[in-house]
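Here's the letter readout for the chains.
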Amino acid sequence: MFSHNGKVSVRQVEILLILQMFNTSILLLPRIAANHAGRNGYMLPIVALAFGIIYLFSITTLTNRFKGDTLVEFAPKIIGKPIAYCVLALFAIKIMITTGLEIRMFGEMVSQVMLPKTPIEVIILIMLLTTAYLVKSGIEATARMAEILLYFIFIPLVIVLTFIIVKADYKQLMPFFETDIVSVGKGAFVVSLSFMPIEFMLLLAGLMKKQEKTKQAIVIALITIAIIETIIIISTYAGIGVNESKRQIWPVLTLMQSIQFPGSLIENQEILMMTSWVFSIYMYISAGLYFTSLIGSRTFKFKRENVFILPIIPIIYFIAILPKSLVEAYKYYVGFQYHFGIWFLVPIPLVLIFIAKMRKVGHVNG
Amino acid sequence: MTKQPDQNTISVEDMYHDKENKINMELSTHLDTNIKNVDILFKDCMDLVKREVDIGKEVPFRVYGVYFDGMVNREILENFFLSRIIDYKNLNGDIFENSKTPTQIIMQHFSATFDVKEVDTMDDMIAAILSGDSGIFVDNSEKGIVIATRGWPNRGVGEPSSENVVRGSRDGFTEIVRFNSVLIRRRIRDTKLKTKMISFGTRSRTDVAVMFIEDIARPELVEDVMERLNKYEVDAIFDSGYIEQLIEDSWKSPFPQTQATERPDKVASGLLEGKVAIIVDNSPFVLIVPTTLNALYQASEDYYQRWQIMSLTRILRYLVSFLSFALPGLYIATLNFQPGMLPTPFAISIAAAREGITFPTVLEILIMEVTFELFREAGIRIPGAIGHVIGLVGGIVIGQAVVEARIISPMIVIIVAFTAISTFAIPDYSLTASFRLIRFFFIGASAIFGLYGFLLAMLFVLAHLSSLESFKIPYLAPYNASDRNGFKDLKDTVLRFPTFMQGTRPIFARENQRIRLRLKKDRAGEDMEPGPKKTSNNKHVNRRNK
C-alpha cells in the first residue's frame with residue numbers, strides 16, 4: 001500500500017514542480033515581460049512553453065534511458081566516475097547558488113513587507129532551519145507537504161485574483177500584437193527560465209513510482225504554470241499599468257497593495273498575500289536543500305539521505321547574505337538565471353544523451 | 001535511541017514463577033499436593049475462598065474449589081454446580097461405573113453450564129482463578145476444571161460521557177473487555193469479525209482484544225498491530241492510554257496517532273473501513289488504528305443527521321480548531337508587528353482598550369492562557385456538584401477583575417475565552433490537547449517574529465504532520481495521497497457528502513473490498529439517488545417539475 005521506498009507518485013511530482021516553479025521569479029515576471037515585450041508581455045509565457053517543451057524532451061530523453069536511476073547513478077555510467085563527479089558537484093553548486101539567491105530575494109521581500117526592523121540574516125536563517133525540518137523527513141514527506149500547501153497557496157491567490165480581474169482596466173493590454181518577433185523570442189526565453197526547476201527532474205525522475213509518466217507530469221506542470229503566469233501578467237498590467245510594472249521591482253506586490261477588499265475587513269492585504277508566497281518559496285527552498293543533500297548522500301553512498309542537510313545550510317546561508325543590497329541581489333539573481341539557468345536544462349543533458357548513445361549505455365527505447 | 005535497561009535487574013522470576021511470571025508448578029494427581037500448592041501461591045490472600053467437598057456417595061471423590069470472593073457470580077456457581085452436587089447426594093444410582101476420567105464425570109454430571117472446560121496446567125488454572133473464574137481441583141486427576149463464573153462489580157453500559165450525541169445510540173464502552181466486544185459484535189453480525197485475545201503485562205495480565213474484519217482489514221495491518229503489541233514486556237497495563245503510547249509511530253509528536261473512543265458505533269464503522277480496534281480490559285476507551293487527522297474530526301452524529309447541516313458543522317470544526325491554536329498568536333502578530341492590517345477604527349478601539357495596561361501583549365496572553373488552563377485543570381479536580389459553579393464564578397469574577405484592575409485588556413479575555421471554547425468543538429479529546437499545546441508554540445513564534453514567525457510555525461506544524469504516519473497511513477490523508485483511491489475519500493472530509501454518494505470505503509480497506517454501498521443487482525439500471533422508482537417517461541416530468 002504505502003511502501004516506504006522513498007518514491008513519489010505522478011501527481012505528487014506534478015504538484016512539486018508547479019510549486020517549485022511558482023517561486024520569486026513569478027513576482028518579478030511582469031517586470032521582465034514588460035521590459036522585453038511591452039504591453040504584449042502576457043503572451044511570453046505561452047511562447048515560453050515552446051522552450052519548456054525543449055527542456056522537457058532533453059531531460060526526459062536522458063532520464064528515460066536510465067529508469068530508476070537519478071543523475072547521481074547514471075552520470076558515472078555515461079561519462080565515467082571522475083567527470084561525472086565534477087558534473088554532479090557543479091550541479092550541486094548551481095542548485096545551492098540558485099537557492100541562496102532565491103532565499104535572499106525572499107528575505108528582502110519579507111523584510112520590506114513584514115519585518116522592516118529585523119535583520120535579514122535572521123529572516124533567512126529561520127526560514128532555512130524550518131525548511132531543514134521538512135527535508136530531513138525525506139522526499140515522501142516533502143511530496144505530501146506539497147499536496148497540502150497547494151490548498152494554502154492557491155485558494156487565497158484565486159480569491160485575490162478574482163477581485164483584481166473584476167476591477168481591472170483592460171485597456172492597458174491594447175493594442176494587441178505590436179511587438180516584433182525577435183524581442184518576443186528573447187523575452188520568451190527569459191520567461192522560460194522560470195521553468196528552471198524542471199532540472200530537478202534529473203534527480204526526481206528516478207524517484208518516481210511510474211517513471212514512464214515523467215513527460216505527462218512535466219507537461220501538466222508546465223501548462224499550469226504558463227497559464228498562471230499569463231493570468232498574473234495580465235492582471236498586473238490591467239491592475240497597475242504597464243509602465244508601473246516596468247518600474248517596480250515587485251510589480252505583483254504593488255498590485256496586491258492596490259486592491260481593496262469590500263467592507264474593508266482587512267487593510268494592507270498584501271501581508272496576507274505573503275502567506276501564499278512564503279509557503280511556495282518554502283517548497284522551492286526545500287527542493288534546493290533536498291536535492292543538494294541527495295546528490296551528496298548518494299555520491300558518497302550514505303545510507304541516510306539527510307546527512308548532508310545540516311552542512312549545506314551554512315553554505316546556502318552565506319550565498320544568501322553575500323549580495324550587499326537588494327539591488328545587487330536582484331542583479332545576481334536575474335543574471336545567474338540568465339547565464340547559468342539553461343545549462344542543466346539543455347546543453348548538459350544533450351551531451352550526456354549523445355555520449356550515452358555513442359557508448360550504447362542505458363535502454364534505447366526508454 | 002533510548003537504551004534498554006539492564007534485563008537482569010528487573011525480574012519476576014522466583015521459585016514458583018518463571019521469567020514471564022508464569023507458574024512453573026505442575027498439576028498433581030494428588031489433591032493434597034494441589035491444595036498445598038494453592039496455599040503456597042495464595043499465601044496471605046484472604047480474599048480467596050477455598051473449599052474441599054467430597055461428592056462421592058460410597059467411595060470418596062474429593063474436589064477442591066477455589067475462587068476469589070467478589071469476583072465470581074455466586075449464583076452461577078451455586079445454582080449450576082454446588083446445588084447439583086447436593087441433589088446427587090440425595091439421589092440414588094451411581095455414575096462412577098464407566099471408564100471416564102474424574103474431570104469428565106464432573107463436567108458431564110455436575111455442571112449445568114456450557115462454559116466449563118478442562119485445563120492441563122497449574123498456570124492456566126491460576127490465571128483463570130485470578131480472572132474471576134472458579135477453579136476445581138479433582139482428586140486422582142491430572143487435569144483441573146475451570147467454570148466461567150466471572151461476575152465482578154461493574155457499572156454497566158452507560159452513556160459515553162466524552163462523546164455525547166443528540167441523535168445516535170447512547171451505549172458507551174465500559175471497563176470490561178468482553179462487554180465491549182459484545183457491544184461491537186451486536187453491530188456487526190458477521191463471522192468474519194475476528195477477535196484475537198492476548199494478555200498484556202506480566203503482573204496485571206490484562207486482557208487485550210484485537211478486533212478486525214478479516215476480509216476488509218489489510219492483513220499486513222493486522223500483522224503490524226500484533227507485532228507492535230508483542231514488542232514490550234511491561235508489568236501492568238491499566239488503560240488503553242498505556243498501549244496507545246507503546247504502539248504509536250512517533251513518540252515525539254504531540255498529535256494522537258490512534259483514535260480513542262467510547263462509542264461502539266464509531267468502532268464498528270472503523271472496523272468496516274478496514275481499521276483495527278484494540279480493546280483493553282479496565283478501560284472504557286477503545287483504540288482504533290490507523291487514524292488520520294481527518295478521522296479525528298468525524299463524529300458519529302455526522303452520519304446520522306442530514307448532510308447539509310453536518311457539512312456546515314464540519315467546516316465550523318475545522319475553522320475553530322484552527323482558531324483554537326492560532327488566534328492568540330495571530331493577535332500578538334497583528335497588534336505588535338502589523339497593526340496596519342487592521343481597519344483603522346478597529347485598531348483605534350483596541351488601542352483605546354489597552355490604555356493604561358503596563359504588560360506587553362504577549363505577557364497578557366500568557367497570563368490569561370495559563371489562568372484558563374488552571375481553570376480547566378481545577379475544574380476536573382473540584383468535586384462534581386460545585387465544580388461547574390466554581391469554574392463559572394472563577395472565570396467571570398477573575399476575568400472581570402483583571403480587566404478592571406487594568407492588568408489585562410478586555411480583548412485578551414475575549415480571545416482566550418474564545419479559544420478555550422473552540423477547543424471543545426473538536427470531537428476528539430486528544431486532538432484538543434495537542435492544539436492546546438501547540439498554541440503556546442504559536443504564541444512564542446508570533447511574539448518573536450510576528451506574522452512571519454506565525455507562518456513559519458504553521459509550516460513547521462504542517463511539515464511535522466506531513467511526515468507523520470499512523471500505521472503506515474499518512475496522517476494527513478486524504479488531503480494528500482488522495483489519488484490513491486481516485487479522490488473518493490475527499491467526500492468525507494471538510495464536507496460530508498450525502499450518504500448515497502459515499503459508496504466506497506476509504507484507503508484503509510483492502511483494494512478488492514472498497515465498495516460498501518451499491519444498487520441491488522436486479523435494480524442496477526436505476527438512478528443512484530434515493531426516492532421513488534422513476535420510469536423513463538416520468539423522469540423528464542420529474543426534472544421539469546424540479
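Note that this is a predicted model, so its numbers are computed, not measured. Within any chain, residue numbers begin from 1 and follow the written order of that chain's sequence. Chains and ligands are labelled sequentially in the order written, the chains with letters from A and the ligands with numbers from 1. Totals for whole chains, interfaces and linings use all residues, but because this is a predicted model, local features are given only for residues with pLDDT of at least 70 and pairs of side-chain atoms are given and counted only at 80 or more.

Observations concerning the overall build of chain A
To be explicit about the condition: Here a strand is any run of E in DSSP of at least two residues, a helix any run of H or I of at least four, and the numbering for each starts at the N terminus. Note on method: radius of gyration uses C-alpha positions; expected globular size equals 2.2 Å times residues raised to 0.38. Three exposure classes are used, based on other C-beta atoms lying within 10 Å of a residue's own C-beta, which is placed from the backbone: buried for 20 or more, exposed for 12 or fewer, and partly exposed in between.
Counting secondary structure elements, chain A contains 16 helices and 0 strands. Over its C-alpha trace chain A gives a radius of gyration of 20 Å, about what one expects of a compact globule, namely 21 Å for 366 residues. Seen along its three principal axes, the alpha-carbon backbone of chain A occupies a region of about 60 × 45 × 45 Å. Taking all 366 residues of chain A together, 51% fall into the buried category.

Description of the sheet that holds strand S7 (residues 206-213) of chain B
Residue and element names in this part refer to chain B. We count it as follows: Two strands are counted as paired when DSSP detects at least two bridges linking them. Lines are fitted to the C-alpha atoms to define the axes, a helix being fitted only along its stretch in contact, and any angle between axes, read from their N-to-C directions, falls within 0 to 180 degrees.
In spatial order, the strands read S6-S7-S9-S10-S8; together these 5 strands make up an open sheet with antiparallel pairing. One side of each edge strand has no neighbouring strand; the edge strands of this open sheet are strand S6 (193-200) and strand S8 (259-261). Across the sheet, the mean angle from the axis of one strand to that of its neighbour is 25°, orientation sign disregarded. Note: S6 against S7, 8 bridges, orientation antiparallel. For isoleucine 198, the partnering residue across the bridge sits in S7 and is valine 208.

Some points on the domain arrangement of chain B
Much of the literature gives interface size as the accessible area that the parts lose upon coming together. Counted only if it meets this: Just so you know, the domain bounds were taken from an automatic or database domain assignment.
Structurally, chain B comprises domain 1 (31-147), domain 2 (177-291) and domain 3 (318-470). Put simply, the middle of domain 1 of chain B and the middle of domain 3 of chain B, counted by C-alpha atoms, are 64 Å apart.

Some words on the packing of helix H12 (residues 361-381) of chain B against helix H13 (residues 384-404) of chain B
All names here are of chain B. Inclusion rule: Should an angle lie under 35 degrees it is considered roughly parallel, over 145 roughly antiparallel, and from 65 to 115 roughly perpendicular; all remaining angles are considered oblique. Crossing handedness follows the turn of the near helix against the far one: under a right angle anticlockwise gives a left-handed crossing, and clockwise gives a right-handed one. It is the C-beta atoms, placed from the backbone, that decide contacts: two residues are in contact if theirs lie within 7 Å. Gly counts as polar in this scheme, as do all residues outside two lists: the nonpolar Ala, Val, Leu, Ile, Met, Phe, Trp, Tyr, Cys and Pro, and the charged Asp, Glu, Lys and Arg.
Close contact between H12 and H13 brings their axes to 9 Å; oriented N to C, the two are set at 165°. Relative to H13, the element H12 is oriented roughly antiparallel. Crossing angle aside, the handedness with which H12 passes H13 is right-handed. Facing H12, whose interface residues are Thr371, Phe375 and Gly379, H13 presents Gly387, Gly391, Gly394, Gly395 and Ile398. Broken down by class, the residue content of the contact of H12 with H13 amounts to 2 nonpolar, 6 polar and no charged.

Structural notes on helix H16 (residues 347-359) of chain A
All names here are of chain A. What counts, and what does not: Helix span is expected to be 1.5 Å times the residue number reduced by one. As used here, the arc belongs to the directions running from the helix axis to the C-beta atoms.
Here H16 spans 18 Å end to end across 13 residues, near enough to the 18 Å set by a 1.5 Å rise per residue. Of all the residues in H16, the buried ones are Ile348, Pro349, Leu352 and Ala356. Down the axis of H16, the sector holding all buried residues measures 95°, keeping them to one side. Projecting away from the buried face of H16 at angles above 90 degrees are the exposed residues Pro347, Phe354 and Met358. Against the buried residues of H16 lie helix H3 (44-65), helix H4 (71-79) and helix H5 (81-113). With its phi angle positive at about 55°, lysine 360 sits one or two positions after the end of H16.

Quick look at the interface of chain A and chain B
Taken together, the contacts link 29 residues of chain A with 27 residues of chain B. At the level of elements, helix H6 (120-135), helix H7 (139-167) and helix H13 (270-299) of chain A are the ones that each hand at least two residues to the side of chain A that touches chain B. Per-element tally for the side of chain A that touches chain B: the top contributor is H6(A), with 6 residues. Across the side of chain A that touches chain B, the residue classes break down as 18 nonpolar, 7 polar and 4 charged.

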